[in-house]
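Each chain is listed here by its residues.
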Amino acid sequence: KKLDLSRTTLTNLIARLIDLRLVTELEGNDPNGRGRPGIPVDLDTAAWFALGAVFHSGRWVFVITNLRGEVQVRRTSPTVCADPNSFRASLVGGIADIRDESPGKLLPAVGIGVPGVGNWETGTIVRADDLGWENVDIAGVVRANARLDAYVLNRNRAAAIAEARYG
């Protein structure tokens, strides 16, 4: 009702999500409404996992979460980021190390919290005054080396979103 979709369209969409193992049917029926009761669904937390990284206080922190955002694997990697190349190399290396530890399939993208002003559309650090950097490509390097799409966001903004969402 909230999506304003027909029952048939919604059934087809949900069936596709179940086939992909992104959602799973729950026991019981939804007694609300008229007609045949709906079957409740929820995120499938056993098949797909998400990868994230954030740079803070001279270290990369890498996590793998289930689709609810619950951390399954966490690794920290101290990093000397004397220049953008070493910064990106330590990011790509950390992604390679942690993705081998995934308990299931990884979504084909990684969220990355970066210092300074990040542009999520271009995947770059626009400006990081504390490091003296401008226009540092992050997403392109991750795509080329880790074969994952990358979404870049300021690390403090990413932390605030995570705090608001997950506590």
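Let me begin by describing the structure that accompanies this report.

**Some thoughts on the overall build of the protein**
So, step 1. Along its length, the protein carries four helices and 10 strands.
So, step 2. What you see in the protein, going N to C, is helices and strands ordered as α-β-β-β-β-β-α-β-β-β-β-α-β-α.
So, step 3. The globule rule puts the C-alpha radius of gyration for 167 residues at 15 Å, and the 19 Å found for the protein is more than 25% above it.
So, step 4. Counting over 167 residues, the protein shows a buried share of 30%.
So, step 5. Nonlocal contacts in the protein, meaning residues at least 24 apart in sequence, comprise 51% of its contacts between residues at least 6 apart.
So, step 6. Summed over all atoms, the accessible surface of the protein reaches about 10,500 Å², with 51% contributed by carbon and sulfur.
So, step 7. The distance from the centre of the 20 positive side-chain charges to the centre of the 19 negative ones in the protein is 4 Å.

**Re the packing of aromatic side chains**
So, step 1. Following the criterion strictly, the structure yields five aromatic pairs and no others.
So, step 2. Seen in terms of ring centroids, W60 and F87 are 5.0 Å apart; in terms of plane orientation they differ by 45°. Their pairing is tilted. Linking W60 in strand β4 (residues 59-66) with F87 in helix α2 (residues 84-99), this pair joins segments that are 27 residues apart in sequence.
So, step 3. A relative accessible area of 0% means that W60 is categorised as buried.
So, step 4. By the ring-pair criterion, three or more aromatic residues cluster together here, those being F55, W60, F62, F87 and W133.

**Side note on the environment of V73**
So, step 1. Mapped onto the secondary structure, V73 falls in strand β5 (residues 71-78).
So, step 2. Using a relative accessible area of 10% as the deciding quantity, one classes V73 as buried.
So, step 3. The spatial distance from the C-alpha of V73 to the C-alpha of F62 is 8.1 Å, given a sequence separation of 11 residues.

Each value, and the rule that gives it
- Residues numbered from 1 in each chain as written.
- Predicted model: local features only at pLDDT ≥ 70, side-chain atom pairs only at ≥ 80, totals over all residues.
- Heavy atoms only, no water.
- Helix = DSSP H or I, 4+ residues; strand = E, 2+ residues; numbered from the N terminus.
- Rg over C-alpha atoms; globule rule 2.2 N^0.38 Å.
- Buried < 20%, exposed > 50% of the residue type's maximum accessible area, 1.4 Å probe, protein only.
- Contact = heavy atoms within 4.5 Å.
- Areas by Shrake-Rupley, 256 points an atom, 1.4 Å probe, with all protein chains shown as cover.
- Lys, Arg positive; Asp, Glu negative; His and termini not counted.
- Charge placed at Lys NZ, Arg CZ, Asp CG, Glu CD.
- Phe/Tyr/Trp six-rings, centres within 6.5 Å; stacked < 30°, edge-to-face > 60°.

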